[in-house]
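Spelled out from the first residue to the last, the chains are:
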Amino acid sequence: MTTHNDCAVVLFESVSHALGAEKIIKGAGINCKLIHVPRHLSSDCGICLRFCADDRERVEALLQGKLHFFEIKFL
Amino acid sequence: MAAEGKVVMETLYLDNAATSFPKPDTVIAAMIAYQQNIGANPGRSGHGRSIEAGRIVFETREALARLFHIEDPLRIALTKNATESLNIALQGGLRPGDSVITSGMEHNSVMRPLRVLETRGVELSVVPCSPRGELEPDDVRKALRKNTRMVVLTHASNVTGTILPVEAVGALLRDRPEVMFCVDAAQTAGALPIDVEKMRIDLLAFTGHKSLFGPQGTGGLYIREGLENKISSLMMGGTGSRSEFEQQPEFMPDRYESGTPNTIGIAGLCAGVSFVLEQTVETLRAREEELTSRFLSGLRDLRNDVLVYGPQDASRQTAVVSFNIKGVTASDAASYFEDNRGILCRPGLHCAPSAHRTIGTFPQGTVRFSLGFFNTQQDVDEACAALRELVKRKGNDRS
């Protein structure tokens, strides 16, 4: 098991948005992965996008105005 | 079965306006690959294969967005066909007291929902078209009222192939932003250039199984930003999103996509749209125009015996040609073509009684030959030869 203390996730309203965001973030050369939304963050059955917490500002800037997302949470 | 394959080999398929055949090999390969290697439910879990299935669906939206010049792929809801898309647009978008304008060349996928809405207090205005199926844009302008909520038009008739002036109608609606412009692109998506911005289209209904080369059971509806607040969904259910709430999501595309989608079909549609993008609409159009022109020219040689409907000008119609042979019913002609020449076509009213009234062929109907990208000049010559043969035989019977 890996721990994700240095990770953050972006939460979206739908899987379509998460898939769109993955393209944008990967396209900018930032490592990321679509994962199940951790239970403590949401009761939703959807997916979220995990990335290294150091990239938080870049990720936010890349998505801002391009694709709607709920919020970014640290794990 | 081998026997079935043999039957396919010996026939000449001229019913592409009903559904295109054959499909590119990549379409079938994509469907097999999805079912063999992925097979999971898109958007319903975070496991790898569910995400892979979701990617296929997402890439399909992206390919469609590129084709129709739609900026945001999530503005496209995937449906089972153009009929479902039109029902969402019309039943979801029109309320009692609203007025809606349509043309005299529409398919029943537009007319039937509109006739039901009429009984619920929606005012319907049908703008007449010429006997060749042509619409004068200014007639749409004259039909506009204060309470006009929507103009719904077919981009091209499934009966005569006549291309309607969608861009001109869109232009005259630019100073009426509250009027939604809904276009039925069942016959034209993939066959003619479509640009939702240039044409000022708010709602674009399309099917996947005709000129987009996807399988049956695929289609979609583009909804301009903001209009999802004005168009209710006809079906509610699981979307894989906002699962903690028992209320339907109100955002695109989930609002209109309840239940497990036709992912295997969408995988095929993705490959079909990619085929269109690779070939380019312009190339596909040029080929269909050339074949249509050749067929129309063959029909002109038979003008004493064959009545042709529609523009009779390949540049003003899709690869659809309707005709009647004097003294032969449409159904007898179609049976003759299949039994004697293996030609598969469609006689009758083509689910469009309104269009047949406009061109003067109601209720007897017409014979419709509809060509496709995979037809050849030889196919067209074979079709002309079959027509000549039937005309000649009819002459002999009479003498």
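Residues numbered from 1 in each chain as written. Chains lettered and ligands numbered in written order. Predicted model: local features only at pLDDT ≥ 70, side-chain atom pairs only at ≥ 80, totals over all residues.

A. Representation of helix H8 (residues 263–279) of chain B in the model. Residue and element names in this part refer to chain B. Compared with an ideal rise of 1.5 Å per residue, which puts 17 residues at 24 Å, H8 spans 24 Å between its outermost C-alpha atoms and is within 8% of the ideal. Of all the 17 residues making up H8, 14 are buried; the element is thus mostly covered by neighbouring parts of the structure. Once H8 finishes, Thr-280 follows within two positions and takes phi at roughly 75°, a positive value. (Helix = DSSP H or I, 4+ residues; strand = E, 2+ residues; numbered from the N terminus. Expected span 1.5 Å × (residues − 1). Buried ≥ 20, exposed ≤ 12 C-beta atoms within 10 Å, placed from the backbone.)

B. Here's a closer look at the packing of helix H1 (residues 15–27) of chain A against helix H2 (residues 56–63) of chain A. All names here are of chain A. Put simply, H1 and H2 touch, their axes get as near as 10 Å, and they point 120° apart. Here H1 is positioned oblique relative to H2, judged by the angle of their axes. Judged by the twist between their axes, the crossing of H1 over H2 is right-handed. Between H1 and H2, the residues in contact are Ala-21, Ile-24 and Ile-25 and Val-59, Leu-62 and Leu-63, respectively. Residues belonging to the contact of H1 with H2 are distributed by class as follows: six nonpolar, no polar and no charged. (Axes fitted to C-alpha atoms, helices over the stretch in contact; angles between N-to-C directions. Parallel < 35°, antiparallel > 145°, perpendicular 65-115°, else oblique. Left-handed = near helix turned anticlockwise from the far one by under 90°. Contact = placed C-beta atoms within 7 Å. Nonpolar A, V, L, I, M, F, W, Y, C, P; charged D, E, K, R; others polar.)

C. Seen up close, the sheet that holds strand S2 (residues 32–36) of chain A. Residue and element names in this part refer to chain A. Taken together, the four strands give an open sheet; going across it, the order is S2-S3-S1-S4, and neighbouring strands pair in antiparallel fashion. Taken across any chain shown, the strands that pair with only one partner, and hence form the sheet edges, are S2 and strand S4 (71–74). Strand-to-strand twist of the sheet, defined as the mean angle between neighbouring strand axes without regard to direction, takes the value 30°. Strand direction decides the pairing type here: S2 and strand S3 (residues 47–52), joined by five bridges, are antiparallel. By the bridge assignment, Leu-34 is partnered in S3 with Leu-49. Packed on one face of the sheet, H1 meets strand S1 (7–11), S2 and S3 and runs near 25° to S3. (Pairing = 2+ DSSP bridges.)

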